[in-house]
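Structural overview
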Amino acid sequence: MALRDAVMAALLEGEASGYDLAKAFDASVANFWTATPQQLYRELERMRGEGLIAARVVRQDRRPDKRVFSLTETGREAVRAYVAEPVGRPTAIRDELLVKVQCADVGDLGAVRAAIAERRERAEAKLSRYERLRSRMLAGRTEDEYVAEAERIGPYLTLLRGTAFERETLTWCDIALRRLGERMSPAGGRD
């Protein structure tokens, strides 16, 4: 998957500015794809040049004008073609924290624990955002009602995956912190 595919997926929700897309990436698309604002803006220009998206200027009072982007028919065709492609191999985990954990026995266990605690805080914050987003999506409906009534189900399903990922991260962090704490205690044999 390329960044452009994730951008087109985000634009299925409707017209958006680069700023709106960056926020969407941070709030909802982040549960399956991340990008810096700079990467996002470069990709938007590339996609516009390829005819996948259109841009228009929205005049604003008391604020600078902004450009908003929308999928063109060519972009929608590209999304349909992308969805029809076979899925590649599952994403491999590439996580610097896990490399540090792998090396923990020859390093500073306290520093590794601090890094895990920081990851745990981030996971809690993301999970909280995802739960607020889920609540807004459901808007008082049950999940079954939402699925029956919603125009699109994809954003909800990816949100569920992101939520499950962050919950599992919290579980792993708790286990890792406990085990490293035991290892650091005098009874664990390490200082």
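Please refer to the structure placed before this passage.
Let me sum up the structure you'll find in this document. Quick caveat: nothing in here was measured; it's all calculated off a predicted structure.

1. Points about the overall build of the chain
Check the secondary structure of the chain and you find eight helices and three strands. Seen in sequence order, the chain has helices and strands lined up from the N terminus as α-β-α-α-β-β-α-α-α-α-α. Its C-alpha radius of gyration of 21 Å places the chain more than 25% over the 16 Å reference for a compact globule of 191 residues. Its C-alpha atoms put the chain at 65 × 45 × 40 Å along the principal axes. When burial is assessed residue by residue, the chain has 27% of its 191 residues classed as buried. Restricting the contact set of the chain to residue pairs at least 6 apart, pairs at least 24 apart contribute 59%. Summing over all exposed atoms, the chain offers an accessible surface of approximately 12700 Å²; the carbon and sulfur share of this is 52%.

2. With respect to helix 6 (residues 109–138)
Between its first and last C-alpha, helix 6 extends 43 Å over 30 residues, near the 44 Å set by a 1.5 Å rise per residue. Here helix 6 has its buried residues at Leu109, Val112, Ile116, Ala123, Leu127, Tyr130, Leu133, Met137 and Leu138. A side-chain oxygen of the first residue of helix 6 lies 2.9 Å from the backbone nitrogen of Gly110; this N-cap is Asp108. Directly beyond the C-terminal end of helix 6, a positive phi value near 45° is found at Ala139.

3. Observations regarding a nonpolar patch on the surface
On the surface, Val147, Ile153, Leu157 and Leu160 cluster together into a nonpolar patch covering about 300 Å² of accessible area. Counting through the fold element by element, Ile153 comes out in the loop between helix 7 (143–149) and helix 8 (154–184). Judged by its relative accessible area of 34%, Ile153 is partly exposed.

4. Quick notes on the packing of helix 6 against helix 8
Contact pair helix 6 / helix 8: the axes reach a minimum separation of 8 Å and the direction vectors enclose 155°. By the angle between their directions, the pair helix 6 and helix 8 is classed as roughly antiparallel. Crossing of helix 6 over helix 8 shows left-handed handedness. Looking at the contact of helix 6 with helix 8 residue by residue, the classes come out as 21 nonpolar, five polar and 11 charged.

5. Section: the pattern of salt bridges
When their charged atoms lie close together, side chains carrying opposite charge are able to pair. The tally for this structure, following the rule as stated, stands at 19 salt bridges. A salt bridge links Glu118 to Arg122, with the shortest nitrogen-to-oxygen separation between them at 2.5 Å. With a gap of four residues between them, Glu118 and Arg122 both fall in helix 6, about one helical turn apart. The class for Glu118 is partly exposed, based on a relative accessible area of 41%. Glu124 serves as the salt-bridge partner of Arg120, at 2.8 Å between the closest nitrogen and oxygen. Separated by four residues within a single helix, Arg120 and Glu124 lie in helix 6, roughly one turn from each other. A relative accessible area of 40% means that Glu124 is categorised as partly exposed. One network of salt bridges, with partners in common, ties together Glu45, Arg48 and Arg67.

Parameters at a glance
- Residues numbered from 1 in each chain as written.
- Predicted model: local features only at pLDDT ≥ 70, side-chain atom pairs only at ≥ 80, totals over all residues.
- Heavy atoms only, no water.
- Helix = DSSP H or I, 4+ residues; strand = E, 2+ residues; numbered from the N terminus.
- Rg over C-alpha atoms; globule rule 2.2 N^0.38 Å.
- Buried < 20%, exposed > 50% of the residue type's maximum accessible area, 1.4 Å probe, protein only.
- Contact = heavy atoms within 4.5 Å.
- Areas by Shrake-Rupley, 256 points an atom, 1.4 Å probe, with all protein chains shown as cover.
- Expected span 1.5 Å × (residues − 1).
- Polar contact = N/O pair within 3.5 Å; in protein donor to acceptor, adjacent residues only side chain to side chain.
- Patch = residues over 30% accessible without salt bridge, like charges linked within 9 Å, V, L, I, M, F, W, Y side chains within 5 Å.
- Salt bridge = Lys/Arg side-chain N within 4 Å of Asp/Glu carboxyl O.
- Axes fitted to C-alpha atoms, helices over the stretch in contact; angles between N-to-C directions.
- Parallel < 35°, antiparallel > 145°, perpendicular 65-115°, else oblique.
- Left-handed = near helix turned anticlockwise from the far one by under 90°.
- Nonpolar A, V, L, I, M, F, W, Y, C, P; charged D, E, K, R; others polar.

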